[in-house]
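These are the residues of each chain, in order.
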Amino acid sequence: MSQLTVVLPFSAQPHFESTLRQFIDSPLVQKIVVVHNGKYQGAHAKCEGLLSGTLTAGKAINEIIAGTKTEALMVVTQSQELHLGQAALERFLAVAQSTGAGLVYSDYYEVKNDVRSEHPVIEYQFGSIRDGFDFGAMMLFSVKKVQEALKKYGAIPPVEFAGLYDLRLKVSVDFPVFHIQEYLFTKVEADLRKTGEKLFDYVDPRNRAVQEEMEKVATQHLKDVGVYLSPHFKPVPGNDGTFPVEASVIIPVRNRERTVADAVNSVLQQKLDVAYNVIVVDNHSTDGTTKILADLAAKNPAVKHLIPGRQDLAIGGCWNEAVLSDQCGRFAVQLDSDDLYSGPDTLQRVVDVFRSGDYAMVIGSYKLVDTNLKEIPPGLIDHREWTPENGRNNALRINGLGAPRAFRTSMLRQVLLPNVSYGEDYAVALRLSREYQIGRIYEPVYLCRRWEGNTDAALSIEKANRNDIYKDKVRTIEMLARQLMNQGK
């Protein structure tokens, strides 16, 4: 008995026929649905065309599921050239049957510039709800479990971009999502950008319609798993003590002799109606950073140069050193050591938002610029998806929340940041937003400089995976905590 229906996006590139032929030749494949925009003219007996603007349209996916008579559905999500590994389809099916999984995916080989390398993907967990989770190019669904999930949680909604996202979230509620730690296919990669160049794709304003659909789907999923929070917030505790200044800018730094003076000087140029300072936590720099900061502190008493006694601090730990020090102001405001405030009014605007509402935290908006401060695509990152009504829910779907991040120091001292150098600010923002309202500034008040020295400029797949695993783990922790809160525990 044929066991598999394959969904394949059409491509006009020459490699499409060779990719298609591999599925045609497999005795496991009963039917191949070629999703196309009107240009597919194939005539093979196993193939049928499906006219749709995108593979991810809800209407197309509902139609495919309704017409599938096999036990499994393989969705090929990308149109790049693919080469199936030895007995790859057999392995996908066997693992799905052995584990009872609703969705199965695998590691793969990747060819870039004619060089083949391993591309491991990561384990799926409860907090892996971001729409950018990397399943590779092949996702195998159990048709029975898909049907059960859709019966329980509803059909795929009439979306254009979020249909596949909706499907895998619904399947994941009651059934395992299983990662085969084997390289079952090879993908010839067409996107040769470095990780730092891909980092902001999801917040490109040109993708706004996509983001709105993804948010609706993610919000429904949070309701399905008991994690959704309605827009009701605890009041921020009123008596937060006395502080030496109203605001402190926190700059953790290690070995940034090229940029740190610019960062500090952009703080010293701030015009604020109350006293402020800048606390630079110098994490045992080995280049000229320490001398630069010592000279700045000697010239300006508002510059507080801290060198931690500990040797085991990451960025989050450096933040905690500053926040717990008796030099920290009522509000602690972030600035990275290679970034700048966009003008002399940034601090004032942040403080004004704190004064205007009952906020535990304020998040601004930023522009991406190069080392010469020239704007680069996608330009303004304003995270307008953070709304008072749904921001803290949608925050679980996206990978970042904006900059600068500013905190009410008394509250940050209670929760502190995890002692890591990636996702530490995201983790504490999720934690605070669980109970308290977050204020927003949607105009640019910060310049994020992209250059070869950025820690995320060109990550290896292993490092990128570690980062993604960590943020998914942070989401898992937060989602479990919100579940318990909703259950009154």
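Before any of the text, the structure's been laid out above.
### Description of unusual backbone geometry
Piece 1. Of note, the bond from proline 377 into proline 378 is cis; its omega dihedral lies within 30 degrees of zero at 0°.
Piece 2. Relative to the helices and strands, proline 378 resides in strand S16 (residues 375-381).
Piece 3. A positive phi angle, near 55°, is found at asparagine 255, a position not held by glycine.
Piece 4. On the secondary structure map, asparagine 255 appears in the loop between strand S10 (247-253) and helix H8 (260-268).
Piece 5. Despite not being glycine, histidine 383 has its phi angle at roughly 45°, a positive value.
Piece 6. Relative accessible area serves as the criterion here: at 2%, histidine 383 is assigned to the buried category.

### Side note on the packing of aromatic side chains
Piece 1. Under the criterion given, the structure shown has 13 aromatic pairs.
Piece 2. Considering the side-chain rings of tyrosine 108 and phenylalanine 185, the 5.1 Å spacing of their centres and the 10° angle between planes classify their relative orientation as stacked. Here phenylalanine 185 lies in strand S9 (residues 177-188) and tyrosine 108 lies in strand S6 (residues 103-112), a separation of 77 residues in the sequence. The pair tyrosine 108 / phenylalanine 185 is uniform in exposure class, with both members buried.
Piece 3. Aromatic side chains phenylalanine 331 and phenylalanine 354 sit 4.2 Å apart centroid to centroid with 10° between the ring planes, which places their arrangement in the stacked category.

### Some words on the pairing of strand S17 (residues 405-408)
Piece 1. Residues Arg405 and Phe407 line one face of S17 and the alternating positions Ala406 and Arg408 line the opposite face, and both faces are buried.
Piece 2. With 3 bridges connecting them, strand S13 (residues 331-334) and S17 associate as antiparallel partners. The residue of S17 that forms the bridge with alanine 332 is phenylalanine 407.
Piece 3. As defined by bridge partners, strand S15 (residues 359-369) adjoins S17 across 3 bridges and the pair is classed as antiparallel. Across the sheet, isoleucine 363 pairs through a bridge with arginine 405, a residue of S17.

### Some details on the pattern of salt bridges
Piece 1. In this structure the tally under the stated criterion is 27 salt bridges.
Piece 2. Taking the shortest distance from any N to any O, the salt bridge between arginine 330 and aspartate 240 comes out at 2.7 Å. Of this pair, arginine 330 sits in the loop between helix H10 (315-324) and S13 while aspartate 240 sits in the loop between helix H7 (208-224) and S10, placing them 90 residues apart in sequence.

### Quick notes on helix H2 (residues 58-66)
Piece 1. Those residues of H2 not exposed but buried are Gly58, Ala60, Ile61, Ile64 and Ile65. One face of H2 carries all of its buried residues, which in axial projection span an arc of 160°. Of the residues in H2, the exposed ones pointing more than 90 degrees away from the buried face are Lys59 and Ala66.
Piece 2. The secondary structure elements touched by the buried residues of H2 are strand S1 (4-9), strand S2 (29-36), strand S3 (47-51), strand S4 (72-76), helix H4 (143-153) and helix H5 (163-174).

Conventions and cut-offs
- Residues numbered from 1 in each chain as written.
- Predicted model: local features only at pLDDT ≥ 70, side-chain atom pairs only at ≥ 80, totals over all residues.
- Heavy atoms only, no water.
- Helix = DSSP H or I, 4+ residues; strand = E, 2+ residues; numbered from the N terminus.
- Buried < 20%, exposed > 50% of the residue type's maximum accessible area, 1.4 Å probe, protein only.
- Phe/Tyr/Trp six-rings, centres within 6.5 Å; stacked < 30°, edge-to-face > 60°.
- Pairing = 2+ DSSP bridges.
- Salt bridge = Lys/Arg side-chain N within 4 Å of Asp/Glu carboxyl O.
- Arc of directions from axis to C-beta.
- Contact = heavy atoms within 4.5 Å.

On their own, these measurements won't tell you what the molecule is for.
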